[in-house]
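Here is what each chain is made of, one letter per residue.
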Amino acid sequence: MSTAPPPSAPPGSPWRHALEGALSVATALVAMSAAAWAALTLLGAGAFAPVSRLVPLMVSMAVGGGVTMESAPSAEPAEPAADGGLGGLLGGGGGMSLGLTGEAALTPLTLTFLGMAVLATGFFRPLRRRQRPTPGLLWARCGGALLTTAVAFPVIAVLARGTARLPKGVTDRFGKGASSGALSRFTGGGGGGGGLTKGLSSVMFETDAVATAFLGLLWVAAVLALGCLAARRTTLPRPLALSRMRLKWNAVTSTLTGTAAVLCCSLLAVAVLAGAAALTGRDQAAKAAGLLLLAGPILIAVLLTTGLGNFWEAGMQRLQPDGGGMLGMLGGGAQGDTADTDKSVDLSGWSGAGVPLWLIAMAFMLLLLTIAGYVAAARTPARTPRENSEALLDRHVEIALRMGIAVAVAALVLPLAARGSVRIGITLMGNEMGGMAAGLDGGLGISPLIGFVLAALAAYGGSRLQNRRARRRGRGAQPAGPAVRRPVGARPTARVPSESVS
């Protein structure tokens, strides 16, 4: 007497799926906000701006939103020039005044990764033990997530506004530049910039709500699309589970996303350990934990892309005035004495223990890609004899080509996500008199091509290694003695690739 399998949970109504999709986005935003609050607290950012305003700012920047800055109204009027020069126009006489403008384009990739992980888990995990949903139910789930995103991110962008006090080191640099050359007569300042540092000691920051909402929608849609392609041990609608794109790319994308998740989680674990050490009063550990909680994956992106031939450069420089005439002459006089303060560091040329960074990164990449090829081959369903005879390429070659294409795309995306810049300029009458700029930049070069070649070769070797080990296991599992031919009806059926990946 055969026993019927236990009934599985019902697929649910469209409203239930929409609600679960909305909750997945809300949970991701809460996790990102909590990590941003912890990082900013460890870095002591509350001394410069309210943390309640900086947290939504970090969340907005995590999806690619930019920040614009302008000088805040000073509570104390600037002192007029003692020599009665042009500084009176800038001082308390109600004349013209210097101002600050700037923008920041940085991506706290730790928050981005954390949001992606929580969103994907909350969206796909509830589908694991349910009946196969219909396409309409999956669309309802996606609609709930996108609708919540369209409402939440504009609110976050509106909250990401406030006033921040510039660090003393920055105001001192502005004051030093302003007090040198002809610009000192224009500001009327003595040593240290005088009225300049008083009037330009704080900035107001804000984000664009429309751009943040659009980028947030694009981010959530990309996470859901990648999840539908790479998710494993979940139940998806049959047209999607049996689609050709998913059958071909599931093993490679799931392996690469899993590898990236392991690397990022390792940095998160280091950040947690550093945060625990900070509780003992170690300031350096607190700063390290805060930086890792905001930008830890940037270190991974720099390391991996350096192994693919990318050239990374971090630097800081003073800005030259963008106008001619009197303003250009005044600004040029101020910049001439400080041109030697520009700094630039070639990260790709760094060497440890006599070994260049690019060689260390390349060896690390080859190791990771070989392991990824091994895992992807293990997750790829075996071909039937008919499929093997009709295929144009060998199974190992197909895995290698897909891995190479995926890594080449990643080599294009990672430098764009990891680079960042901050620019603050001193303006007068709409013209920039100078300022400061700092950033991290990496040129692409031929890194996508190098990534394709390295990934294809390493994945081919890993796939071959997995096939060889699987054959050894198969021969070891065969019983000793003469083989008994089974009847046709008793032979095990071939594994169905479409069901194994969904």
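## Quick notes on the overall build of the protein chain
Right, so step 1: A count of helices and strands for the protein chain gives 18 helices and ten strands.
Right, so step 2: Looking at the protein chain residue by residue over its 502 residues, the buried ones come to 42%.
Right, so step 3: Excluding contacts between residues fewer than 6 apart, the proportion of contacts in the protein chain whose partners are at least 24 apart in sequence is 80%.
Right, so step 4: For the protein chain, the exposed surface amounts to about 26000 Å²; the carbon and sulfur share of it is 66%.

## Here we look at the pattern of salt bridges
Right, so step 1: Overall, the coordinates contain six salt bridges when judged by the stated rule.
Right, so step 2: Notably, a salt bridge pairs Arg16 with Glu20, separated by 3.6 Å at the nearest N-O pair. With Arg16 and Glu20 both in helix α1 (residues 14–43) and four residues apart, the pair spans about one turn of that helix.
Right, so step 3: Overall, Arg16 belongs to the partly exposed group, its relative accessible area being 40%.
Right, so step 4: Assessed through its relative accessible area of 17%, Glu20 is described here as buried.
Right, so step 5: Note that Glu103 is salt-bridged to Arg423, the shortest N-O span being 3.9 Å. Pair noted here: Glu103 is in strand β2 (residues 99–105) and Arg423 is in strand β9 (residues 420–428), with a separation of 320 residues, a long-range link.
Right, so step 6: The structure contains a network of salt bridges with shared partners spanning Arg16, Glu20 and Arg141.

## Overview of helix α16 (residues 395–418)
Right, so step 1: Counted at 1.5 Å a residue, the expected span for α16 with its 24 residues is 34 Å, and the 34 Å between its end C-alpha atoms agrees.
Right, so step 2: Sitting at the amino-terminal end of α16 is Asp394, which places a side-chain oxygen 3.0 Å from the backbone nitrogen of His396.

## Structural notes on the environment of Thr149
Right, so step 1: Checked against the element boundaries, Thr149 lands in helix α5 (residues 135–159).
Right, so step 2: Residue Thr149 is classed as buried on the basis of its relative accessible area, which comes to 0%.
Right, so step 3: Measuring from C-alpha to C-alpha, the distance between Thr149 and Ala22 comes to 8.1 Å, with 127 residues separating the pair along the chain.
Right, so step 4: Residues within four places of Thr149 in sequence aside, it is in contact with Val25, Pro154, Gly216, Leu217 and Val220.
Right, so step 5: A polar contact is formed between the side chain of Thr149 and the backbone oxygen of Ala145, at a distance of 2.8 Å.

## Quick look at the environment of Ile298
Right, so step 1: Mapping Ile298 onto the fold places it in helix α12 (residues 283–306).
Right, so step 2: Those residues in contact with Ile298 that sit more than four places away from it in its chain are Thr107, Leu109, Ala418 and Leu440.

Rules of the game
- Residues numbered from 1 in each chain as written.
- Predicted model: local features only at pLDDT ≥ 70, side-chain atom pairs only at ≥ 80, totals over all residues.
- Heavy atoms only, no water.
- Helix = DSSP H or I, 4+ residues; strand = E, 2+ residues; numbered from the N terminus.
- Buried < 20%, exposed > 50% of the residue type's maximum accessible area, 1.4 Å probe, protein only.
- Contact = heavy atoms within 4.5 Å.
- Areas by Shrake-Rupley, 256 points an atom, 1.4 Å probe, with all protein chains shown as cover.
- Salt bridge = Lys/Arg side-chain N within 4 Å of Asp/Glu carboxyl O.
- Expected span 1.5 Å × (residues − 1).
- Polar contact = N/O pair within 3.5 Å; in protein donor to acceptor, adjacent residues only side chain to side chain.

The values are spatial; any link to function lies outside them.
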